[in-house]
Amino acid sequence: MATLQLYTKGASVWIPDPDAVWVSAQLLQDYTRDDKHVLLQLPGGEEECYPVAAPSDLPPLANPDISEGESDLTALSFLHEPAILHNLRVRFLDYNSIYTYCGIVLVAINPYDQLPIYGEEVIDAYSGQDMADMEPHIFSVAEDAYRTMMREEKNQSIIISGESGSGKTVSAKFTMRYFAVVGGAAQQTSVEDKVLASNPIMEAFGNAKTTRNDNSSRFGKYIQIGFSRKGAIIGANMSTYLLEKSRVVFQAPAERNYHIFYQLCASRQLPEMRSLKLATPEHFRYTNQGGDANIPCTDDVMEMERTCNAFSILGVLPEQQMELFRILAAVLHLGNVNIQASGRSSERSYIDADDVSLAIFSKLLGVEAAVTAHWLCHRRLILGGETLVKPISGQQAIEARDALAKHIYEQMFKWTVHRLNAALRSQLGRTRSFIGVLDIYGFETFERNSFEQFCINYANEKLQQQFNRHVFHLEQEEYEREELTWSRIEFSDNQQCILLIEGQLGLLDLLDEECRMPKGSDDSWVQKLYDKHLTGRGHPHFRKPRMSNSAFIILHSADMVQYEGGGFLDKNRDTIFEELVNVLKASQSELVAELFQQQGNKPSVANGSVRSGRRAHREHKLTVGFQFRQSLQLLMDTLNSTTPHYVRCIKPNDLKRPFMFDPKRTVQQLRACGVLETIRISAAGFPSRWTYEEFFFRYRVLLHGCQGSGEVQLACRQALPQLIPDPDQYVFGRTKVFFRAGQVALLERLRAERLRMAAVVLQSWVRRWLARIHYTRTLWATITIQRYCRGALARRLALILRYTKAALVIQKTYRMLVARNVFHLVRQAAITIQAFIRGTLARRKYRLLVEERAASLLQARVRGWLARRAFTRFRAAVVFAQCCVRRRAAKRELLKLKTEARSVERYRELNKGMEVKLMQLQMKADQVARERAALKESLRVEREAAANELSALRATIQKLEEHQKRFTARPVSILSEEEQQERRRAEEKAARELLQLTQEVEALQREKASLSTERDRLSACLLQQEQAQEALVQQAVSRATAAVRVELDEERRKHQGLLREFTRLEQRYDNLREMSQLTQGYGRTDSTQSLEPLSPSPQSLSPFTSAFPSPEEVRRISVTSPSTETRVWSLETSMDQLMNMMDVTKKAAVELKEEDLAHAYDVVRVANKCLESQLQSQRSEWEQEVEMLKCQLRQASSGLSAHQQALLEAREQECVRLRRELKGLRSTVPIRRLLTQVFPSTFLTESSSSSSQQKAASTTGLLECKKRDENKLIKNLITDVRTDIAVSLPPGLPASVVFLCVRQADCRGDQTSAYSLCRAAVTAMKTALKKHTNDVAMTALWLKNICLLHDLLNQHAPKQVERTFNNEYKHVLCIYEGMKGLLLSFQTNDPEEVQPLNFDLRDSIRTLSDLRIQAYQQLISIPKTQLQNFLASALLEGEDVPGLKPVGSRKRAGSEPRTARTDAPTMASVLKELWVLHDAMSHQALHPALMEQAFHQLTYFISASALNSLLLRKDMCCCSRGILIRLNVSQLEEWLRCRDLQTEGAVASMEPLIQAVQLLQVGKKTEKDAEALLQTCTALNSDQIVRILSNYTPHSDLDEKVSLNFIRMVQGLLKGSAHAQPLQLLLDIKREFPVTFPDATPPVVRADMLVIPDSLKISFIRRV
């Protein structure tokens, strides 16, 4: 055997172990055929001799490192139990991967933990992908079934099996969720919701807590999900098998009853549940037998709410739900009915008449308590035509009570399933094909096995037979497809075991026969089994236990199981007496009567029989076993007519601990579920299969003479016979080469030897090259050293000669310098003595001159000071007198000004004539100012003349003083010699003191310098502290700002998400409405067909808004506002808001009605007359004051004084203030509008004519559309405009036209036309968006128009009334008529100011704000949908990089080779879609910030999709593929950079993908590589990093797989870093960034600036 060559020294093998099942060991010597043992080294270092009697007894070989953690078990080189177990352990514990392929079987290990691998982003990643390209996953199996159904139009089945607690129910739920998302998301119907809603209901009624699982399914179910021709879910149907009814009345320790009972007890405090009279589960016998009733991490109240919500989704009314809950509560109370025995031998029984539980039971089910109690304790017999009533014992009554409870629950369970099927039944026509999901119990064996385990194992035997035959059939198809000459593969067929159970005179036949016997018993049935299957030849699968005569053993294909015969007959009969059923039929509850009436109408009772008083021959023939066999046969027929897909769930440990692997339990389940049988069938043939390309690139070093890849298949056919001499070990197919088990390991060994020999040759050549280089370098170094030594000697001689000559020069120079220094020293001393003497004489003369000058200067200063003091005193007295006089005059004038200021209202009544007079006064004041300037000029000239004269006098005085000094200086020379000596001593003393002071000054200066330095240092420290504090403050502010910004973005995201959800629900509503119209026919007209009319309803045209909001307002408020209150603006609310704003008391005006408006108007007119009279009187007073001012100005013009100038300046300031107040009165226009809203019927009638005339006269450049042409305008401009015409229009033309028409209607005071036109335009734009859901150009066009119309309306919207006017206009409701004249007189048309609209269009602005968000989201979704189909292929599988070898991945053994696509998408396809969006947005001149946000969203979508595919595809995780992905990402970055779109995070969003690609290219061996990896991959979390390292697959000989030690090293570093944060594995590709529309000022829109083409056909509008 060729595999014997692999048993060499250092080879790894597997040996049995009692604890770990199999452990790894290493051969310490080569094996030969004569050896009777092999020497092994265990993992702990111990040595062991393993006995080998024959080569077949050798321990199994371990697989090579290339197969470590293989995703498909059939791809392993050695297919045996230890290899399978080790591979599953490595993937489960080291890679955290719970899914593994085993041929066509998906092995799923329960992790007992929540893993982030089931989100919608994972569903999107697996949707549309090939099963061979992705990592193993339950979604991959579901996708394969879905694609096969759509491609081959054949029904599919997914068979999920496993032990209790292995995760079958969860796998089935995720499978149905995948189908619901893939088959229902596009249509937005409710069928997929109903399919998902069936899960919580069936879990509540059919699942319970067991010792092995907290949510164990106690029944089998097969759900058929029907699909339409387009792949959408249109219906479903559910079939159930063998409900465990005994759990209703009995639970083992640490187990629970069905979840629904505990949910009801937990919800007993709810108001609707109080009538059920429930208590805690410990109070009821049917729920307290298992002990603790709580399940960790499970809230029964929340589960009850989920169950009720699921019932509501499926259309079960609350009344019917309560009926169902009453029946369940009645079952609980029935278990508490106390049955007591009586009589001598306890042959009788009775129930107390006042039994509380029986009373509650009877009340809940609507039956009579006395009748129920009677038939629980009695039976009716019919003998010879005579009816007898016989009492029964207490034990029999208890059994009858339990049987009744089980029967009630069974009937209710069937009714629930029937109701689910009715709700899930297709309403849209015939189902084209279906996918069935079978969630059925796995093989079970306990210490005591009864009838339930017998049926479960029987079903598993049937499924195992179907599985084996299907696997054999697939192997046969594979060989036929590859055109192989093959011999029949022998596999273990369990047909004999199945015949033992269901064959003629098998176990089920004998059981039914014994049930028909009058005195049949379990012991007699077991004895018949012994007689039939043990006597004679005996059956090979049937045995008898040694120590029991009431049990039997069946050798199942999975294991040997001993069954206890006790209870088989009773469970097979499942008897319920007819009297109790008749009592329930007469129930007053409609649901109870319906349950048992349906039972009575059926020809037979499913899963049991109803016994009357007659004998056994009158009983129904259908037993539980017979019906289960029939239903199982129907299930097998259904499965055989479909294409099956298998999921085997494994329970890794019995302690329910996360990621704990028990090899014993795992091997036991692998043997039971058929995984090892699949391996055995694969190993019997050719398990290892390589395409010729894969084989060529892997084993190219073994193929001699093959340099190129042109003739790959020919090269493989020529070289393989030389590598494997035995031709039976391999065979060539059409596209693949097939190997027996172990041949790939042999090839790996040959490849390793060839590489080792090549490495030795390379080492020899490298060593020779290194030695030659060493010799060459040594020779070159020797020659260089000699050359340097000779040069050094020559340089030394030259240096000595140079030193000798230099010494002579130094001696000569030194002697010359000494003589010269002596000469210079003598000369310097002489010069110094002369300088000192001359300086002393000069200083003496200088001091005399200084003293004389100081005396003269002191005299001059004293005289000047005396003169100035006298002048200052005199001037102060004069100024004080003037100030007193002026202050008195100013006080008088101030009193006049205050009096004038109190009557400032008079100035407001002046007309333009008064302004002219003020201007004349201003001119006179200017003339007085000019005269004053002339007087100042003459004064300046006089002052200059006086200054010149003063300077001449000062010059004369100076000359006299100099003459006097010369006269007094003469007697100085006559001083005595003693005085001179005394003066000299004083000078010397002064010099010493001066020197001392100088030293002290220097010391003080040094101290000052040190203090200055200290001050500077402290200042620097303080500055640094201030800067640090400022930095901290800035950081705190930046953090707070960032938090606020994040919160704002989150609010925007939620708001926009609500809008998106509303759009989806609205579309879903439209679909449902169309569906209902199709089902109901066209004869009926739905009143809700026109949801959004183009023209408003008559109610909306009324001047007073209705008190009830419109449906559109309700929709908008429910979507956009956080509260549920409806905001309605009516007459009363507007009056209340206005009165609260103006601080006006409500008094009698609170109950103001429409009929009181006339009376209020009369009152206001009277108040207006009074106000006019007051204004006239104030006007006359104001005119008188103006005349007085004129007189004062005339007086001021006659003469100019300081007081008059101050008075004139005060008048000028008063005039400026009055002008400012007049200008401020113009801002009171909002009050007038507010009055218009309050009293439209009165104010508008008087002021609308004047205001409209003024506005019409001043406003031009608008468009006028008549009322009858509005619908035509909207239709031609928005609704029915053609795509080619719309795209060619100038950007924003429809919005500009609509706005100008609205402005024109607003200017002429037509509120109805403005409202209707604006609403119709908004509705039409919304309809246009829905019409062009897949057109980028049209969506961008309407986004531009919606944004422009929103900005224009928002810019011209009326401002809110300022709070500052509240005090001044507190009684505006009474005096508004008087203010009306002032408001009209102060209105001016400033062409530079924006003219606000007269009417409030806030509702339309708010609707447009929501609509532009919807348009933006629609614009982004279009390229997303286009990119989603080919994005992963284009970015990950695009064009190969020139110079790199094309990479390929080994596909799964059962996968078909795919032909190369000629139209494979590339990066150019992605850029093309981005081009389309960029051109559309650029053509419509959308804001650059909006474009940047759009491309930020798209780049995130591209990066997230690519990264998710990279994380889920093992074949993409290689270095060469990383280079290709980086090149594609660089193209995308360059494209964005060329269009200035790299801001707003567009490039930053691709950072995770870039870092993932870098992770594929960096080194992954040492600890430094791990640290550098963590520093590089800052945007990836720990799960993503570990997944990429685990999936890294080398595709060349120069690369190698990442070792587990390196992965563990990285995981250890990740635990203490920022990467350890609990994040999801995949990115959320559906994440939407909140859009922020820039606050840009819209352009000026005028009719003469618009170019309206004739193709729009809107020539009926007129330019104004």
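Since this is a predicted model, take the numbers as computed values, not measurements.

## Notes on the environment of R698
For step 1, the next point in the chain: If you trace the backbone, R698 turns up in helix 22 (residues 692-698).
For step 2, the next point in the chain: The class for R698 is buried, based on a relative accessible area of 18%.
For step 3, the next point in the chain: As a C-alpha pair, R698 and R751 span 53 residues in sequence and 9.0 Å in three-dimensional space.

## Remarks on helix 44 (residues 1519-1538)
For step 1, the next point in the chain: The end-to-end C-alpha separation of helix 44 is 29 Å, in line with the 28 Å expected for 20 residues at 1.5 Å each.
For step 2, the next point in the chain: Here helix 44 has its buried residues at S1520, R1521, G1522, L1524, I1525, N1528, V1529, L1532, E1533, W1535 and L1536.
For step 3, the next point in the chain: Buried residues along helix 44 sit in contact with helix 41 (1431-1436), helix 42 (1467-1483), helix 43 (1488-1512) and helix 45 (1551-1561).
For step 4, the next point in the chain: Within two residues after helix 44, D1540 carries a phi angle of roughly 55 degrees, on the positive side.

## Overview of the nonpolar core
For step 1, the next point in the chain: Formed by 317 residues in total, the largest nonpolar core has its most connected members in F179, F205, Y409, F552 and I1278.
For step 2, the next point in the chain: Broken down by element, this core gets its largest block of residues, 14 residues, from helix 43.
For step 3, the next point in the chain: Those residues within four positions of F552 in sequence are excluded, and the remaining contacts are L507, W525, L529, Y530, F542, R543, P545, V561, Q562, Y563 and F568.
For step 4, the next point in the chain: Of all hydrophobic cores here, the second largest spans 20 residues; its members include Y692, I724, Y730 and V744.

## Topic: the pattern of salt bridges
For step 1, the next point in the chain: Applying the stated criterion across every chain, the model contains 40 salt bridges.
For step 2, the next point in the chain: Salt-bridge contacts for D1403 lead to R1406; the nearest nitrogen and oxygen are separated by 3.2 Å. Of the two residues, D1403 and R1406 are both situated in helix 40 (residues 1402-1428); the distance of 3 residues between them amounts to about one turn of the helix.
For step 3, the next point in the chain: A residue is classified by how much of its surface remains accessible, and D1403, at 33% relative accessible area, is partly exposed.
For step 4, the next point in the chain: Each member of the salt-bridge network shares a partner with another, and the members are E163, K651, D654 and R665.

## Digging into the sheet that holds strand 18 (residues 551-555)
For step 1, the next point in the chain: One open sheet accounts for 3 strands, arranged 17-18-19; its pairing is antiparallel. Across the chains shown, the open sheet's two edge strands, defined by having one partner strand only, are strand 17 (542-543) and strand 19 (560-564).
For step 2, the next point in the chain: Pairing analysis gives 2 bridges linking strand 17 to strand 18, with the strands arranged antiparallel. When the bridges of strand 18 are listed, F542 appears paired with I554.

## Quick notes on unusual backbone geometry
For step 1, the next point in the chain: Look at A254: it is not a glycine, yet its phi comes out positive at around 65 degrees.
For step 2, the next point in the chain: Mapped onto the elements of the fold, A254 is located in the loop between strand 11 (233-241) and helix 6 (259-266).
For step 3, the next point in the chain: We classify A254 as partly exposed; its relative accessible area is 42%.
For step 4, the next point in the chain: Notably, A1485 is not glycine yet its phi reads approximately 55 degrees, a positive angle.
For step 5, the next point in the chain: Take A1485: it is sitting in the loop between helix 42 and helix 43.

## Here's the deal with the packing of helix 43 against helix 44
When two helices pack together, their arrangement is captured by the angle between the axes and the distance separating the axes.
For step 1, the next point in the chain: Here helix 43 crosses helix 44 at 180 degrees, and the two axes come no closer than 12 Å. On the basis of their axis angle, the class for helix 43 and helix 44 is roughly antiparallel. Contacts between helix 43 and helix 44 involve F1495, T1499, I1502 and L1510 from the first element and I1525, L1532, W1535 and L1536 from the second.
For step 2, the next point in the chain: For the contact of helix 43 with helix 44, the class distribution of residues is 7 nonpolar, 1 polar and no charged.

## A closer look at helix 47 (residues 1582-1591)
A turn of α-helix holds 3.6 residues, and therefore any two residues three or four places apart point the same way.
For step 1, the next point in the chain: The buried fraction of helix 47 amounts to 9 of the 10 residues, a majority that puts the element mostly inside the structure.
For step 2, the next point in the chain: Listed in full, the buried residues belonging to helix 47 are S1582, Q1584, I1585, V1586, R1587, I1588, L1589, S1590 and N1591.
For step 3, the next point in the chain: Residues of helix 47 that are buried sit in contact with helix 43, helix 45, helix 46 (1567-1576) and helix 48 (1604-1615).
For step 4, the next point in the chain: The N-cap of helix 47, judged by a side-chain oxygen 3.3 Å from the amide nitrogen of D1583 a few residues on, is N1581.

## Focus: the packing of aromatic side chains
For step 1, the next point in the chain: Applying the stated criterion across every chain yields a total of 30 aromatic pairs.
For step 2, the next point in the chain: Centre to centre, the rings of F92 and F661 are 6.1 Å apart; their planes meet at 45 degrees, and the pair counts as tilted. Here F661 lies in the loop between strand 22 (643-650) and helix 20 (663-673) and F92 lies in helix 1 (residues 81-94), a separation of 569 residues in the sequence.
For step 3, the next point in the chain: On the basis of relative accessible area, F661 is assigned to the buried category, the value being 13%.
For step 4, the next point in the chain: Above the face of the Y262 ring, R256 is positioned so that its terminal group lies 4.0 Å from the ring centre.
For step 5, the next point in the chain: It is K544 that lies over the ring of Y530; its NZ or CZ is 5.5 Å from the centre.

## Concerning a negative patch on the surface
For step 1, the next point in the chain: Among the surface-exposed residues, E977, E978, E979 and E982 lie close enough to one another that they form a single negatively charged patch.
For step 2, the next point in the chain: You can see E982 is positioned in helix 27 (residues 977-1080).
For step 3, the next point in the chain: With a relative accessible area of 51%, E982 lands in the exposed category.

## Notes on the environment of I392
For step 1, the next point in the chain: Counting through the fold element by element, I392 comes out in the loop between strand 15 (386-391) and helix 11 (394-424).
For step 2, the next point in the chain: Taking the relative accessible area as the measure of exposure, I392 reaches 7% and is therefore buried.
For step 3, the next point in the chain: In this structure I392 touches E347, R348, S349, L376, C377, H378, R379 and A397, once residues within four positions along its chain are discounted.

## Description of the state of the cysteines
For step 1, the next point in the chain: Across all of its chains, the model carries 0 disulfides by this definition.
For step 2, the next point in the chain: Looking at C884, it has no disulfide partner, and the nearest cysteine sulfur is the one in C883, 7.0 Å off.

## Topic: the side chain of R401
For step 1, the next point in the chain: Inspection of the secondary structure puts R401 in helix 11.
For step 2, the next point in the chain: Note on R401: relative accessible area 4%, which makes it buried.
For step 3, the next point in the chain: Within the structure, R401 has its side chain in polar contact with the backbone oxygen of V337 (distance 2.9 Å).

## Considerations on the sheet that holds strand 7 (residues 156-162)
For step 1, the next point in the chain: Spatial strand order, 5-6-22-7-16-10-11: 7 strands in an open sheet with mixed pairing. Among the strands making up the open sheet, the edge pair consists of strand 5 (99-102) and strand 11. The sheet shows a mean angle of 20 degrees between the axes of neighbouring strands, direction not considered.
For step 2, the next point in the chain: Sheet topology places strand 5 next to strand 6 (residues 105-109); 4 bridges connect them, and they run antiparallel. Across the sheet, residue Y101 finds its bridge partner in strand 6, namely L106.
For step 3, the next point in the chain: Along the sheet, helix 1 makes contact with strand 5 and strand 6, crossing strand 5 at roughly 155 degrees.

## Notes on the confidence of the model for the protein chain
For step 1, the next point in the chain: In the predicted model, the protein chain carries a mean pLDDT of 77, and the fraction of residues at 70 or more is 77%.
For step 2, the next point in the chain: Between residues 1222-1258, whose pLDDT stays under 50, and residues either more than four places distant or in other chains, the model counts 67 contacts.

So, how was this worked out
- Residues numbered from 1 in each chain as written.
- Predicted model: local features only at pLDDT ≥ 70, side-chain atom pairs only at ≥ 80, totals over all residues.
- Heavy atoms only, no water.
- Helix = DSSP H or I, 4+ residues; strand = E, 2+ residues; numbered from the N terminus.
- Buried < 20%, exposed > 50% of the residue type's maximum accessible area, 1.4 Å probe, protein only.
- Expected span 1.5 Å × (residues − 1).
- Contact = heavy atoms within 4.5 Å.
- Core = buried A, V, L, I, M, F, W, Y, C linked by side-chain atoms within 4.5 Å.
- Salt bridge = Lys/Arg side-chain N within 4 Å of Asp/Glu carboxyl O.
- Pairing = 2+ DSSP bridges.
- Axes fitted to C-alpha atoms, helices over the stretch in contact; angles between N-to-C directions.
- Parallel < 35°, antiparallel > 145°, perpendicular 65-115°, else oblique.
- Nonpolar A, V, L, I, M, F, W, Y, C, P; charged D, E, K, R; others polar.
- Polar contact = N/O pair within 3.5 Å; in protein donor to acceptor, adjacent residues only side chain to side chain.
- Phe/Tyr/Trp six-rings, centres within 6.5 Å; stacked < 30°, edge-to-face > 60°.
- Lys NZ or Arg CZ within 6 Å of the ring centre and 35° of its normal.
- Patch = residues over 30% accessible without salt bridge, like charges linked within 9 Å, V, L, I, M, F, W, Y side chains within 5 Å.
- Areas by Shrake-Rupley, 256 points an atom, 1.4 Å probe, with all protein chains shown as cover.
- Lys, Arg positive; Asp, Glu negative; His and termini not counted.
- Charge placed at Lys NZ, Arg CZ, Asp CG, Glu CD.
- Disulfide = S-S within 2.5 Å.
- pLDDT = per-residue confidence, 0-100.

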